[in-house]
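# Descriptive analysis of the structure
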Amino acid sequence: QVQLVESGGGLVQAGGSLRLSCAASGCTFSRYAMGWFRQAPGKEREFVAAISWSGGGTYYADSVKGRFTISRDNAKNTVYLQMNSLKPEDTAVYYCAAGRGVVPASYEYDYWGQGTQVTVSS
């Protein structure tokens, strides 16, 4: 049973930083591409960033490019999302997901975490 557990969310002022973590268990972590998605109240879930199984390939949504960095540590079965220069519009529940490729389509991801809340105050 694949389990993904996010952590690191919280309340931060605009311009601040947070680092999200997602710990995986029950799978061969290094076989999966990993992604981060987010869902704000009243909005659909949207793609944020993805990283290849080796960490050598990454892909970002335009809205976070240059501010967010995705990385992974296969020895720790963990993927990270470093979020800098946060804006109020980044407020959302952030989800990590394990999937088949470095792609923005949520249907390409087979396993999902429960999410962690990120709130950015103005």
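Summary of the structure given here.

Turning our attention to the overall build of the protein chain. Of regular secondary structure, the protein chain possesses zero helices and 11 strands. In the protein chain, buried positions account for 43% of the 122 residues. Residue pairs at least 24 apart in sequence account for 57% of intrachain contacts in the protein chain once pairs closer than 6 positions are excluded. Just so you have it, the protein chain exposes about 6200 Å², and 45% of that area is on carbon and sulfur atoms. A gap of 5 Å separates the mean positions of the 11 positive and 9 negative side-chain charges of the protein chain.

Within strand 9 (residues 92-99), seven of the eight residues are buried, which leaves it mostly tucked inside the rest of the structure. Bridge count for strand 4 (residues 33-39) against strand 9 is seven bridges, and the pairing is antiparallel. Among the inter-strand pairings, alanine 33 is bridged to a residue of strand 9, identified as glycine 99. Note: strand 9 against strand 11 (residues 116-121), three bridges, orientation antiparallel.

Backbone geometry places asparagine 77, a non-glycine residue, at a positive phi of 55°. Counting through the fold element by element, asparagine 77 comes out in the loop between strand 7 (68-73) and strand 8 (78-83). Note on asparagine 77: relative accessible area 25%, which makes it partly exposed.

Our focus in this paragraph is the packing of aromatic side chains. Throughout the structure, instances matching the rule amount to six aromatic pairs. The rings of Phe37, Phe47, Tyr59, Tyr109 and Trp112 are connected pair by pair, giving a single aromatic cluster. The positively charged end of arginine 45 is found above the aromatic ring belonging to tryptophan 112, 4.7 Å away from the centroid.

Locating arginine 38 in the fold gives a position in strand 4. Take arginine 38: its relative accessible area is 6%, and that puts it in the buried class. Reaching out from arginine 38, the side chain makes a polar contact with the side chain of glutamate 46 at a distance of 2.6 Å. A polar contact is formed between the side chain of arginine 38 and the side chain of tyrosine 94, at a distance of 2.9 Å. Setting aside anything within four residues of it in sequence, one finds arginine 38 in contact with Glu44, Arg45, Glu46, Val48, Ser63, Val64, Phe68, Glu89, Asp90, Ala92, Val93 and Tyr94.

Let's shift gears to the state of the cysteines. With the rule as written, the count across this model stands at one disulfide. Between cysteine 22 and cysteine 96 runs a disulfide, and the two sulfur atoms are separated by 1.9 Å. Disulfide cysteine 22-cysteine 96: the torsion about the S-S bond is 45°, which places it as right-handed. With a gap of 74 residues between them, cysteine 22 in strand 3 (residues 18-25) and cysteine 96 in strand 9 connect regions that are remote in the sequence. Each member of the pair, cysteine 22 together with cysteine 96, is buried. The cysteine cysteine 27 is free of any disulfide, with cysteine 22 supplying the nearest cysteine sulfur at 9.3 Å.

Criteria and cut-off values
Residues numbered from 1 in each chain as written. Predicted model: local features only at pLDDT ≥ 70, side-chain atom pairs only at ≥ 80, totals over all residues. Heavy atoms only, no water. Helix = DSSP H or I, 4+ residues; strand = E, 2+ residues; numbered from the N terminus. Buried < 20%, exposed > 50% of the residue type's maximum accessible area, 1.4 Å probe, protein only. Contact = heavy atoms within 4.5 Å. Areas by Shrake-Rupley, 256 points an atom, 1.4 Å probe, with all protein chains shown as cover. Lys, Arg positive; Asp, Glu negative; His and termini not counted. Charge placed at Lys NZ, Arg CZ, Asp CG, Glu CD. Pairing = 2+ DSSP bridges. Phe/Tyr/Trp six-rings, centres within 6.5 Å; stacked < 30°, edge-to-face > 60°. Lys NZ or Arg CZ within 6 Å of the ring centre and 35° of its normal. Polar contact = N/O pair within 3.5 Å; in protein donor to acceptor, adjacent residues only side chain to side chain. Disulfide = S-S within 2.5 Å.

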